[in-house]
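Residue-level structural notes
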Amino acid sequence: MVSRVVNTGSVARESVGRIGVSKVRAGYAAGEAVVRVAIGAPLTVECGLRAEQRAEWRRDGGPLPPGLRAEEEDGEARLRARLRASAARPHHAGLYTCSPERDQRVRVLVHANPAATHAAPGEAAPSVSEVSGGDGSILRDSGDILFDVRSNITLRCDAAAGGGAVAWQKNGTALEEVWEMKDRYTLERGGIELHVKRAAEDDFGNYSCSLPGQSPATTWVVRARPHLKLPANSNVVEGQKLKLTCKVLGKPYPRIVWSYSNSTEEGARFEPVTGVNLSDSEQGVVDGTLVLPDATRSHAGRYRCEALDAFAPAETLLRVKDKYAALWPFLGICAEVFVLCAIILVYEKRRTKPDLDDSDTDNHDQKKS
């Protein structure tokens, strides 16, 4: 059964068939239904199940974010499972599944600018940008776009379709005066298209193009897709302080959300962390560092960090060692040495006694002669 997303507020809906086309959308897996929704617009996520099944909703493999209400509607042979939000929020973005038994995936993208999906009647349609993946694939978007670090970015200025010299800016500064962009971009088709090769983290920002003396300018909000990283395994001695840092590649840095599971099995449920301290990391990521001031055995398990628009969450398996763990091997070695010394002592004592008896007998024979 094909899962689908219905949004009752000005949102473009995309079918699974479109998303299934190879390399149409960089970063999205085939078979995902994708929706864009403006912040504040109503949102409904829906999927179909068999009548005997019950929905088990997950977001990015973890618990659902706040603000979503689960509903179920029984049919003759089908069960319709829905998630509803009266107003979409940025934390609602992510990959949703409604059952571990059926591969139904819905990716929800939350945009800050409602005009990024539709233009009002009588207004100019928003400009279309193209983000080229490193493998040559094209990602089409509008208004607010994401790019992967070290991929290629292409922006096309529709405002200059009538001809004329195009002025490009980044964060209000002429592009040719931005030193970090020097020798890293090209203008093609008479300046209508801006190409940035092997984009870096610092290429995020507000881009605009316009014709001299004309307004408004065509603008894009360009952001790097966050890639998160945690060590695969972490260890701490019971009673000691633990610090986990979620490293982020991709600016502007998002806020990190932490969750925890005491199970090592795949598909285990993650819950929001409690009893920990969150602080900004040295990298400058908000809530990027998790601190346990006094680790206990109950803290062992899997920890996950995730962020809005991140490529995927990052996980680490934490092992809490007994604080006397280093003492037991030492005591074992001491015991082995003690036993070995005792054996040597007993052996030497038993071997020396017969030698003494033989010497006494020899002295007595000499006196008789």
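Residues numbered from 1 in each chain as written. Predicted model: local features only at pLDDT ≥ 70, side-chain atom pairs only at ≥ 80, totals over all residues. Heavy atoms only, no water.

Attention now goes to the confidence of the model for the protein chain. Across the protein chain, the average pLDDT comes to 75, with 73% of residues at or above 70. Predicted confidence in the protein chain is weakest over helix α1 (residues 16-19), with a mean pLDDT of 27, and strongest over strand β23 (residues 247-249), with 95. In this model residues 1-30 is a low-confidence stretch, pLDDT under 50, and it forms 82 contacts with partners more than four residues away in sequence or in other chains. In the model, residues 113-142 has pLDDT below 50 throughout and makes 72 contacts with residues more than four positions away in sequence or in other chains. (pLDDT = per-residue confidence, 0-100. Helix = DSSP H or I, 4+ residues; strand = E, 2+ residues; numbered from the N terminus. Contact = heavy atoms within 4.5 Å.)

This paragraph deals with the nonpolar core. Counting residues in hydrophobic clusters, the biggest one holds 23 residues, and the most contacted among them are Leu228, Ile256, Trp258, Leu290, Tyr303 and Cys305. The element best represented in this core is strand β29 (residues 314-321), accounting for three residues. Once residues within four sequence positions are removed from consideration, Cys305 is found in contact with Leu228, Leu230, Cys246, Ile256, Val257, Trp258, Pro313 and Ala314. (Core = buried A, V, L, I, M, F, W, Y, C linked by side-chain atoms within 4.5 Å. Buried < 20%, exposed > 50% of the residue type's maximum accessible area, 1.4 Å probe, protein only.)

Another point: the sheet that holds strand β15 (residues 173-174). The sheet built from five strands is open, its strands ordered β12-β19-β18-β14-β15 with mixed pairing. Each end of this open sheet is capped by a strand with a single partner; those strands are β12 (144-147) and β15. With four bridges joining them, strand β14 (residues 167-170) and strand β18 (residues 205-210) adopt antiparallel strand pairing. Among the inter-strand pairings, Ala167 is bridged to a residue of β18, identified as Ser210. (Pairing = 2+ DSSP bridges.)

In this structure, Ser281 sits in the loop between β26 (277-279) and β27 (289-292). Judged by relative accessible area, Ser281 falls into the buried class, the value being 6%. Apart from the residues within four sequence positions on either side, Ser281 is in contact with Thr245, Gly288 and Thr289.

Turning our attention to the sheet that holds strand β22 (residues 242-245). Strand pairs in the sheet, formed through backbone hydrogen bonds, run parallel or antiparallel to each other. Taken in spatial order, the three strands line up as β22-β27-β26 in an open sheet, and their pairing is antiparallel. The strands lining the two open edges of the sheet, one partner per strand, are β22 and β26. In this sheet, neighbouring strand axes are inclined to one another by 20° on average, regardless of whether the strands run parallel or antiparallel. Where β22 meets β27, four bridges bridge the pair, whose relative direction is antiparallel. If you follow Thr245 over to β27, its bridge partner there is Thr289. (Axes fitted to C-alpha atoms, helices over the stretch in contact; angles between N-to-C directions.)

Here we come to the environment of Arg89. Here Arg89 shows up in the loop between β7 (78-85) and β8 (94-97). The exposure class assigned to Arg89 is partly exposed, which follows from its relative accessible area of 36%. C-alpha of Arg89 to C-alpha of Leu43: the two residues are 46 residues apart in sequence and 9.7 Å apart in space.

Bringing the state of the cysteines into the picture now. If you walk through the whole model with that rule in mind, you get three disulfides. Disulfide pairing places Cys47 opposite Cys98 at an S-S distance of 2.1 Å. Torsion about the S-S bond of the Cys47 and Cys98 cystine: about 125°, corresponding to right-handed handedness. Here Cys98 lies in the loop between β8 and β9 (105-111) and Cys47 lies in strand β4 (residues 43-50), a separation of 51 residues in the sequence. With its sulfur 2.0 Å from that of its partner, Cys157 forms a disulfide with Cys209. Since a negative S-S torsion denotes a left-handed disulfide, the Cys157-Cys209 link at about 95° is right-handed. With a gap of 52 residues between them, Cys157 in the loop between β13 (152-156) and β14 and Cys209 in strand β18 connect regions that are remote in the sequence. No difference in accessibility class separates Cys157 from Cys209, as the two residues are buried. (Disulfide = S-S within 2.5 Å.)

On to a nonpolar patch on the surface. Residues Tyr324, Leu327, Trp328, Phe330 and Leu331 make up a contiguous nonpolar surface patch of about 530 Å² in total accessible area. Residue position: Leu327 is located in helix α2 (residues 327-368). Taking relative accessible area as the criterion, Leu327 reaches 36% and is therefore assigned partly exposed. (Patch = residues over 30% accessible without salt bridge, like charges linked within 9 Å, V, L, I, M, F, W, Y side chains within 5 Å. Areas by Shrake-Rupley, 256 points an atom, 1.4 Å probe, with all protein chains shown as cover. Salt bridge = Lys/Arg side-chain N within 4 Å of Asp/Glu carboxyl O.)

Under the definition given, this model contains 13 salt bridges. Measuring nitrogen to oxygen at the nearest pair gives 2.5 Å for the salt bridge that ties Asp203 to Arg184. Of this pair, Asp203 sits in the loop between β17 (193-196) and β18 while Arg184 is found in the loop between β15 and β16 (185-188), placing the two residues 19 residues apart along the sequence. Measuring nitrogen to oxygen at the nearest pair gives 3.1 Å for the salt bridge that ties Asp309 to Arg223. Remark: Arg223 occurs in strand β19 (residues 218-224) and Asp309 occurs in the loop between β28 (301-306) and β29; sequence separation between them is 86 residues. The structure contains a network of salt bridges with shared partners spanning Glu46, Arg80 and Arg82.

In this section: the packing of aromatic side chains. To describe a pair of aromatic rings, one takes the distance between the centres and the angle between the planes. Under the counting rule described, the total for this entry stands at two aromatic pairs. Their ring planes at 15° and their centres at 5.6 Å tell us that Trp168 and Trp220 sit as a pair that is stacked. One end of the pair, Trp168, is in strand β14; the other, Trp220, is in strand β19, and 52 residues separate them in sequence. We classify Trp168 as buried; its relative accessible area is 4%. Trp220 sits in the buried class, given a relative accessible area of 1%. Residues Tyr260 and Tyr303 carry aromatic rings whose centres are separated by 4.9 Å and whose planes lie at 50° to one another, so their mutual orientation is tilted. Taken together, the positions of Tyr260 in strand β24 (residues 257-261) and Tyr303 in strand β28 put the pair 43 residues apart, joining distant regions of the chain. Exposure remark for Tyr260: the relative accessible area of 19% places this residue in the buried category. Its guanidinium or amino end placed over the ring of Phe270, Arg304 lies 4.1 Å from that ring's centre, counting from NZ or CZ. (Phe/Tyr/Trp six-rings, centres within 6.5 Å; stacked < 30°, edge-to-face > 60°. Lys NZ or Arg CZ within 6 Å of the ring centre and 35° of its normal.)

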